Amino acid sequence: MVTEIQKKTLLQEACAVRERAYAPYSEYKVGAAILTGDGRIITGVNVENASYGLSICAERSAIFTAVAEGVREIVAVAICTSNVGSPCGACRQVMVEFAGDMPILLTDTQGNVRETTLHKLIPEYFGPGHLA
Ligand code: THU
């Protein structure tokens, strides 16, 4: 259960960290904040590279940081962009590895918010259960 206060905090953290995105090539800055099963918030930004294909999305950046901190369960994600952008397919797949059908909160710097869920974004996903 994710509270309204937790959702608001996640949205604020995603937009705050977005300021630190490194996106000189696309100029599309993304900030992500994830709420962990044990109540922590961990953030990430997109980090681009002159060798374009090496760039990493904000969502995966946050999730990989979380895993390095011992996290195995994610219960909500907020993503802040300039236009309430939705996560890419690769990030959806990486989220599935560590989450059930959690809330995904999309926002922009103007305070617009759209809430969806992970399973709406990636139906019929391939997950860890398929290897059991
Ligand atoms: N990007 C993200 O950080 N997350 C997404 O889900 C979509 C795309 C980044 C990658 C790249 O740095 C920029 O946005 C433009 O594609």
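Going by the structure above, here's the rest.
These remarks concern the structure in this document. What you are looking at is a predicted structure, and each value in this text was computed from that prediction instead of being measured. (Residues numbered from 1 in each chain as written. Predicted model: local features only at pLDDT ≥ 70, side-chain atom pairs only at ≥ 80, totals over all residues. Heavy atoms only, no water.)

### Observations regarding the pairing of strand E1 (residues 31-36)
Look at any regular strand and the pattern is simple: side chains alternate between the two faces of the sheet. Let me state the cut-off plainly: Throughout this description, buried means an accessible area under 20% of the type-specific maximum (1.4 Å probe, protein chains only), exposed means over 50%, and partly exposed covers the range between. Where helices and strands are cited, they refer to DSSP runs of H or I of at least four residues and of E of at least two residues respectively, numbered from the N terminus. At least two bridges found by DSSP between two strands are what make those strands a pair.
Across the six residues that make up E1, a large majority, six, are buried. Two elements, E1 and strand E2 (residues 41-45), share five bridges in a ladder whose sense is antiparallel. Its bridge partner lying in E2, Ile34 is registered against Ile42. Hairpin remark: E1 followed by E2, antiparallel, with four residues in the connecting loop; positive phi at Gly39, about 90 degrees. The pairing of E1 with strand E3 (residues 74-81) spans six bridges and is antiparallel. Counterpart to Gly31 in the pairing with E3 is Cys80.

### Some thoughts on helix H2 (residues 58-68)
An α-helical segment advances 3.6 residues per turn. Residues three or four places apart therefore align on the same side. For the record, the criterion: Residue contacts are defined here by distance: any two heavy atoms, one from each residue, within 4.5 Å place the two residues in contact.
All buried positions along H2 are accounted for by Ala58, Glu59, Arg60, Ser61, Ala62, Ile63 and Ala66. On its buried face, H2 sits against E1, E2, E3 and helix H3 (89-98).

### Some remarks on the side chain of Glu59
This is how the line gets drawn: Here the positive residues are Lys and Arg and the negative ones are Asp and Glu; neither His nor the chain ends is included. Salt bridges are defined as contacts in which a side-chain nitrogen from Lys or Arg sits within 4 Å of a carboxyl oxygen from Asp or Glu.
The residue Glu59 is located in helix H2 in this model. For the buried residue Glu59, which engages in no salt bridge, the nearest side chain bearing the opposite charge is Arg60, 6.5 Å off. If we skip the residues at most four places from it in the chain, Glu59 touches Val30, Ala32, Ile79, Pro87, Cys91 and Met95.

Purely geometric stuff here, so don't read any function into it on its own.
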